[in-house]
Amino acid sequence: MPELPEVETTARGLIPILRGQKITTVQVRVKKLRWDLPKNLGRDLTDATVTAITRRAKYMVLRLDTGQNWIVHLGMSGRMHRINADQWQTPLKHDHLLLRLANDICVAFNDPRKFGMMDIVAADKIDIYRHFAHLGAEPLVRGFDGEYLFEQLQRRKIAVKLAIMDQKLVVGVGNIYASEALYRARISPKRPAHKISRAECDKLAQAIKDVLRLAIKAGGSSLRDYVQSDGKIGHFQDDFAVYGRTGQPCPACHKAKKPCKIEKFTQGGRSTFWCNNTQS
DNA sequence: CAATGAACCTGGTTGC
DNA sequence: TGCAACCAGGTTCATT
């Protein structure tokens, strides 16, 4: 599910709920998600106070006053949000971890497909943490621009859509926003990465920033099960130009004499959506 | 090092 | 109605 905007929205939504709060009780209801949970997860979280919540790539980083960081990845179907206190006794299906805070507010991590992950990492070891060490640029910072993108794309022969989804190049762009960004930049997802011009890289870097920022503003995209921390759904799915819109008119050329339709095909085992007329 | 495909899970939808 | 096949937002690992 969650790409950068959904993780960012979730993290921001958790701040008013969790920051400054002491975790009093933890229910760990499964042994593993994508991988085994840390052996002492429940013990490490119990009695800790959450001091800050940030995001790196598609990971949430919850800083604890114990000097440790609680790392949470939502995988494909994960959510983390406030629940009613009575659900503490009768958790919903796929509520894999529950927190009770000192103020009696409860929070659940729910993940039907169990592709999420959690870890505990010491604050001074976060930079060498194995899941962070090889990540590429954050797309919403200055350093990510046409120059950087061009340099990275130059040495890859894979299709540009696959390249911008590679977390070693740029983080946070997943299957939805890759299609959406390429559409905005009017670049075909099929183009070999190293054949994208420097000028096109400027456009593409800007398109990635734009689409991610707009999606964050909209509270993320809710397809099946994504909800924000307060339980509300995001609504950027209403603004998709191409994702999931096979057969529907392309927003840029639906008024043209020859109206064209959004097409779908497979790249790297994932669906790509595009307009053959608008993008080249 | 780069590219490719399978694997990890559950649930919803589609088609026979 | 039943059931198999296919699809879904991500990441890692083995193999070429």
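Definitions and cut-offs
Residues numbered from 1 in each chain as written. Chains lettered and ligands numbered in written order. Predicted model: local features only at pLDDT ≥ 70, side-chain atom pairs only at ≥ 80, totals over all residues. Heavy atoms only, no water. Near = heavy atom within 4 Å. Polar contact = N/O pair within 3.5 Å; in protein donor to acceptor, adjacent residues only side chain to side chain. Nonpolar A, V, L, I, M, F, W, Y, C, P; charged D, E, K, R; others polar. Phe/Tyr/Trp six-rings, centres within 6.5 Å; stacked < 30°, edge-to-face > 60°. Helix = DSSP H or I, 4+ residues; strand = E, 2+ residues; numbered from the N terminus. Buried < 20%, exposed > 50% of the residue type's maximum accessible area, 1.4 Å probe, protein only. Pairing = 2+ DSSP bridges. Axes fitted to C-alpha atoms, helices over the stretch in contact; angles between N-to-C directions. Contact = heavy atoms within 4.5 Å.

**Q** Talk me through the protein's contact with DNA strand B; I want residue IDs and the actual numbers.
**A** Near DNA strand B the following residues occur: K32, R34, K93, H94, P112, R113, K114, F115, R155, R156, K157 and I158. When atoms of DNA strand B within 4 Å of the protein are sorted by moiety, sugar and phosphate together comprise 59%. Interatomic distance of 2.9 Å between a side-chain N/O atom of R34 and a base oxygen of DNA strand B. Here a phosphate oxygen of DNA strand B and a backbone polar atom of I158 are 3.0 Å apart. Its residues assigned to classes, the surface near DNA strand B shows 3 nonpolar, 1 polar and 8 charged.

**Q** Lay out the packing of aromatic side chains with the relevant residues and their values.
**A** Following the criterion strictly, the structure yields 8 aromatic pairs and no others. Taken together, a centroid distance of 5.2 Å and an interplanar angle of 65 degrees make the contact between Y59 and F132 edge-to-face. Here Y59, found in strand 3 (residues 59-64), pairs with F132, found in the loop between strand 8 (117-122) and helix 3 (146-154); they are 73 residues apart in sequence, far enough to count as distant. For Y59, a relative accessible area of 12% corresponds to the buried category. Judged by centre distance (6.0 Å) and plane angle (35 degrees), the ring pair of Y177 and F236 falls under tilted. Here F236 lies in the loop between helix 6 (198-217) and strand 9 (263-267) and Y177 lies in helix 5 (residues 175-184), a separation of 59 residues in the sequence.

**Q** Can you lay out the sheet that holds strand 8 for me, pointing to particular residues and giving the numbers?
**A** An order of 2-3-4-8 is seen for the 4 strands of this open sheet, with the pairing classed as antiparallel. Two strands in the sheet have a free side with no partner beyond their single neighbour: strand 2 (50-56) and strand 8. Sheet twist, expressed as the mean angle between neighbouring strand axes with direction ignored, is 20 degrees. In the sheet, strand 3 pairs with strand 4 (residues 68-73) via 5 bridges, with the strands oriented antiparallel.

**Q** Describe the sheet that holds strand 5 (residues 79-83), and please don't skip the residues or the numbers.
**A** Pairing within the open sheet is antiparallel, and its 4 strands lie in the order 1-6-7-5. What marks the edges here is a single partner per strand, and that holds for strand 1 (23-28) and strand 5. On average, adjacent strands in this sheet sit at an angle of 20 degrees to one another, irrespective of strand direction. Strand direction decides the pairing type here: strand 5 and strand 7 (residues 106-110), joined by 5 bridges, are antiparallel. Within strand 7, the position partnered with I83 by the bridge is C106. Along the sheet, helix 1 (residues 4-18) contacts strand 5, strand 6 (95-101) and strand 7; its crossing angle with strand 5, the most-contacted strand, is approximately 30 degrees.

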